[in-house]
Amino acid sequence: MGFELRERWGANPLWARWVLAVYLVGLTEGTGSHVADLVRGGIHAYAAFPQLPLQAFFVSLVLLDPLAAVLVGLVRREGIWLANAVMVTDGSANWWGNRHWLRDDPAQLLCLLPITFFGLFVAAFAVPLHRTVAGAESRPKAALPSA
């Protein structure tokens, strides 16, 4: 598995490996953030959001973020799409859920900037990264060295 994984990463151009690495860092940070929220507040960690679907979604990110990170780490195209779906939805949910606080205290905007920039980064690179990874997967594999 280690050789195959190294081969999957190495089959992609340098820019794609950097983008995959940034995806991994962001998704891992998101996982840690949501786990920390649940450790602090339990299942009701997101009770400040009045909409039950938002609360359930934020709790579900404890599973979705690491799943996307694992798939991205394995250089799977599904991971790129899952990361994109998670980040677009997560960013939108954060903006929607925090909209009334932003109106009352615009300084809260600073808290939304990291997730917004990461979400835009993931969305901007989703299609080119998917094409590059798909192209790398379709290239013929190098022959394994004989023993």
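Heads up: the structure comes first, above all this text.
Quick look at the structure, then. (Residues numbered from 1 in each chain as written. Predicted model: local features only at pLDDT ≥ 70, side-chain atom pairs only at ≥ 80, totals over all residues. Heavy atoms only, no water.)

Turning our attention to the pattern of salt bridges. In total, this model carries two salt bridges according to the counting rule given. Note that Arg-76 is salt-bridged to Glu-78, the shortest N-O span being 3.2 Å. Overall, Glu-78 belongs to the partly exposed group, its relative accessible area being 40%. (Salt bridge = Lys/Arg side-chain N within 4 Å of Asp/Glu carboxyl O. Buried < 20%, exposed > 50% of the residue type's maximum accessible area, 1.4 Å probe, protein only.)

Pairs of aromatic rings are described using the distance from one ring centre to the other and the angle between the two planes. All told, the structure shown has seven aromatic pairs when counted by the stated rule. Every member of this aromatic cluster is reached through a ring pair, and the members are Tyr-46, Phe-49, Phe-57, Phe-58 and Trp-101. Positioned above the aromatic ring of Trp-96 is the side chain of Arg-99, whose terminal nitrogen or guanidinium carbon lies 3.8 Å from the ring centre. (Phe/Tyr/Trp six-rings, centres within 6.5 Å; stacked < 30°, edge-to-face > 60°. Lys NZ or Arg CZ within 6 Å of the ring centre and 35° of its normal.)

Turning next to the side chain of Thr-31. Looking at the element boundaries, Thr-31 is found in helix 2 (residues 14-41). With relative accessibility at 16%, the residue Thr-31 sits in the buried group. Once you skip the residues sitting within four places of it in the chain, Thr-31 turns out to touch Asp-65 and Pro-66. (Helix = DSSP H or I, 4+ residues; strand = E, 2+ residues; numbered from the N terminus. Contact = heavy atoms within 4.5 Å.)

Turning our eyes to something else, we now look at the environment of Ile-115. By the element assignment, Ile-115 lies in helix 5 (residues 109-138). For the pair formed by Ile-115 and Gly-30, sequence separation is 85 residues and the distance between their alpha carbons is 8.8 Å. Among all residues touching Ile-115, those that are not within four sequence positions of it are Met-87, Asp-90, Gly-91 and Asn-94.

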